[in-house]
Amino acid sequence: MRVLLRNPRRELEIAGPVRVHALLDRLAIDRDTVLVIRGDTLVPGDTLLHDSDDVEIRPVISGGAA
Amino acid sequence: MKCRRCRAPVVIEIRRHNAGFCSDCFVRHCQDQVRKAIHDFAMFEEGARVLVAVSGGKDSLALWDVLLDMGYEVDGLYLGLGIEGYSDESVVYVRDFAARRGATLVEIDLPADYGFDIPNGSRAARRVPCSACGLSKRHLFDRAALEGGYDVVATGHNLDDEAAVLFGNVLRWSTEYLGRQQPVLPAANGFPRKVKPLVRLAERETAAYCVLRGIDYQVEECPMAEGNRHLGYKAALNAMEAQSPGTKHAFLFGYFERASKLFAPEVAAEREELHPCSGCGAPTLGEICAFCRLLDRATTP
């Protein structure tokens, strides 16, 4: 499957099937700091992702407070 | 996993609530949290004219959307910071949202209206960019709210933002800042009333709200913020939250309930000493306010 990462924007090709939480663990990403989006909606951690899926892992942490 | 409210399949899990929600119930959850914050902290009444400070990011656009849906009279205020490759993109998200919702957007542009941008201005004034940015926002939002006759300025500070700021202020025992860290700052001595209606929502929730509501926002982080102290505090708190969900909420709301009043007298005393800036009339402790000093340094060749 094609996985889009942000900040900086880049793409990875990951073999499926794999569950969302397993994908995040494999990429060493804290599950509470991102949303996982398939198509145009969110998917929870137990969702099985397939080779044909387009997935975005979107970070949610923003900074800049003085 | 089933939705806590309706038993439909979930689209998001919130570990600190030990719950998952379907799309419709999650949107209602966010609205309920904002409604509860407004009520519990007596932020503003029905019929109030609200000015929301919008950046093009997830928090401020989510806040504007929720308040519009709740029926408040709420306009947006965008401040162009002149950050190349960032500000020109962020304003597009804000304008698109305002157009889609038929909402009123007020725009101020630092380079066009004040003659400096954040990267060059902060350098000239020898300030950290985030500090110059925060100072400019506070000053210009206050002024716009007072001149526009708004009852209250609402900002998109969320639970993570507030917990990180509290963490930093406690680490340094910055008592003057601790006294000001409230979900509501009342109007006084030239300051408009300021509120933070997202204080009960984590930033993962405001981001999810935007995705589920189809709100496009600027995902890319501000290039000036990279590596700043605030992000370090968030990372430390997130590590604790991962071990014990609910830690950030308990830290922040425990402070509001049990400790914030200890620091209030210092702020009240400081506010009594404020007088109008000789340059612009904004409240200040010195002769010239911090924004006028920044403006002077940033625009002096």
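Further up the page is the structure itself.
A brief look at the structure comes next. (Residues numbered from 1 in each chain as written. Chains lettered and ligands numbered in written order. Predicted model: local features only at pLDDT ≥ 70, side-chain atom pairs only at ≥ 80, totals over all residues. Heavy atoms only, no water.)

## With respect to the side chain of B:Ser60
The criterion, for reference: Under the DSSP-based scheme used, a helix requires at least four consecutive residues in state H or I and a strand at least two consecutive residues in state E, with every element numbered from the N terminus. Residues count as neighbours in contact if any of their non-hydrogen atoms are within 4.5 Å of one another.
Along the chain, the position of B:Ser60 falls in helix α2 (residues 58-69). Leaving out residues up to four positions away in the same chain, B:Ser60 has contacts with B:Val52, B:Ala53, B:Val54 and B:Ser55.

## Structural notes on empty space enclosed by the protein
One water molecule sets the probe size; rolling that probe over the atoms shows where empty space is left. Put simply, the rule is: In this analysis, the protein atoms alone were mapped onto a 1 Å grid. Cavities are point sets where a 1.4 Å probe fits without being able to get out; pockets are open sets with protein on both sides within 12 Å along at least five of seven lines; lining residues have an atom within 4 Å of a point. Grid points are joined across faces, edges and corners, and a volume is the space filled by probe spheres set on the points.
In this structure the tally under the stated criterion is one cavity of 30 Å³ or more. If you trace the largest cavity, you find 18 residues lining it, with A:Asp32, B:Arg16, B:Ala202, B:Glu241 and B:Lys248 closest to the centre. At the level of secondary structure, the elements contributing two or more residues to the lining of the largest cavity comprise β1 (12-14), α7 (159-172), α9 (203-213), α10 (229-243) and α11 (247-258) of chain B. Looking at the lining of the largest cavity element by element, the count peaks at three residues for α9(B).

## Digging into the side chain of B:Gln31
All names here are of chain B. To keep things clear, this is the line we draw: Per-residue accessibility, obtained with a 1.4 Å probe over protein chains only, is compared with the maximum for each type, and a residue is labelled buried under 20%, exposed over 50%, and partly exposed between these values.
Within the secondary structure, Gln31 is located in helix α1 (residues 23-40). A relative accessible area of 16% means that Gln31 is categorised as buried. Beyond its immediate chain neighbours, meaning those up to four positions away, Gln31 contacts Val66 and Asp69.

## Concerning the sheet that holds strand β4 (residues 34-38) of chain A
All names here are of chain A. This is how it is decided: Two strands qualify as a pair provided DSSP detects at least 2 bridges between them.
Strand order in the open sheet formed by five strands is β2-β1-β7-β4-β5, with mixed pairing between adjacent strands. For this open sheet the edge positions go to β2 (10-13) and β5 (41-42), each flanked by a neighbour on one side alone. Pairing between strand β1 (residues 2-5) and β2: four bridges, direction antiparallel. The residue bridging Leu5 from the neighbouring strand is Arg10, located in β2.

## Focus: the layout of surface pockets
Using the following cut-off: Under the grouping applied here, Gly and all other residues not named as nonpolar or charged are polar, the nonpolar ones being Ala, Val, Leu, Ile, Met, Phe, Trp, Tyr, Cys and Pro and the charged ones Asp, Glu, Lys and Arg.
Estimated volume of the second largest pocket: approximately 470 Å³. If you go around the second largest pocket, you meet 19 residues; those closest to its centre are A:Arg6, A:Asn7, A:Pro59, A:Ile61 and B:Glu221. Counting only elements with at least two residues in the lining of the second largest pocket, the list comes to β7 (54-59) of chain A together with α10 of chain B. Element by element, the count of residues in the lining of the second largest pocket is highest for α10(B), at four residues. Here the lining of the second largest pocket is built from residues that sort into ten nonpolar, three polar and six charged.

## Re the sheet that holds strand β5 (residues 105-109) of chain B
Residue and element names in this part refer to chain B. To keep it simple, the criterion reads: Fitted lines through C-alpha atoms give the axes, limited to the stretch in contact for helices. The angle between two N-to-C directions lies from 0 to 180 degrees.
Read across the sheet, six strands follow the order β5-β4-β3-β6-β8-β7 without closing on themselves; strand pairing throughout is mixed. Each edge of the open sheet is held by one strand with a lone partner, namely β5 and β7 (184-185). The pairing of strand β3 (residues 49-54) with strand β6 (residues 152-154) spans three bridges and is parallel. Opposite Val52, over in β6, you have Ala154 as the bridge partner. Lying on the sheet, α2 is in contact with β3, β4 (73-80), β5 and β6; it crosses β3 at an angle near 160 degrees.

## Some thoughts on the state of the cysteines
All names here are of chain B. Note the cut-off: Counting rule for disulfides: a pair of cysteine sulfur atoms within 2.5 Å.
Evaluated as defined, the whole model comprises zero disulfides over all chains. Here Cys277 stays unpaired: no disulfide links it, and the sulfur of Cys289, its closest cysteine neighbor, is 3.8 Å away. Relative accessible area serves as the criterion here: at 4%, Cys277 is assigned to the buried category.

## Things to note about the environment of B:Val66
Residue and element names in this part refer to chain B. Within the secondary structure layout, Val66 lies in helix α2. In this structure, the C-alpha to C-alpha distance between Val66 and Val34, residues 32 residues apart in sequence, is 7.8 Å. If sequence neighbours within four positions are ignored, Val66 has contacts with Gln31, Val34 and Tyr209.

## Here we look at α2(B)
Residue and element names in this part refer to chain B. In plain terms, the rule: Working rule for helices: expected span equals 1.5 Å times residues minus one.
The first and last C-alpha atoms of α2 sit 16 Å apart over twelve residues, in line with the 16 Å expected at 1.5 Å per residue. Burial analysis of α2 places eleven of its twelve residues in the buried class, which makes it a mostly covered element. Along α2, the residues classified as buried are Lys58, Asp59, Ser60, Leu61, Ala62, Leu63, Trp64, Asp65, Val66, Leu67 and Leu68. Positive backbone phi, at 95 degrees, marks Gly71, one or two positions downstream of α2.

## Overview of the interface of chain B and chain A
Put simply, the test is: Take the accessible area each of two parts loses on contact, using a 1.4 Å probe, and add the two losses: that sum is the buried area. Salt bridges are defined as contacts in which a side-chain nitrogen from Lys or Arg sits within 4 Å of a carboxyl oxygen from Asp or Glu.
With 30 residues of chain B at the interface, the matching set in chain A holds 26 residues. Taking both partners together, chain B and chain A bury about 2300 Å²; carbon and sulfur atoms supply 53% of that area. Summed over the shared surface of chain B and chain A, the number is two salt bridges. A salt bridge links B:Glu220 to A:Arg6; the shortest N-O distance between them is 3.1 Å.

## Let's talk about the packing of helix α6 (residues 129-147) of chain B against helix α13 (residues 290-299) of chain B
Any two packed helices are characterised by how steeply their axes cross, that is the angle between the axes, and by the distance between the axes. Residue and element names in this part refer to chain B. Here is the rule we go by: Here the word oblique covers every angle except those under 35 degrees (roughly parallel), over 145 (roughly antiparallel) and from 65 to 115 (roughly perpendicular). Note on convention: near helix rotated counterclockwise from far helix by under a right angle means a left-handed crossing. Clockwise means right-handed.
As a packed pair, α6 and α13 sit with axes 9 Å apart at the nearest point and diverge in direction by 125 degrees. Judged by the angle between their axes, α6 and α13 are oblique. The handedness of the crossing between α6 and α13 is left-handed. Where α6 approaches α13, its residues Ala132, Leu135, Ser136, His139 and Leu140 are matched on the opposing element by Ala290, Phe291 and Leu294. Among the residues making up the contact of α6 with α13, the classes are represented as six nonpolar, two polar and no charged.

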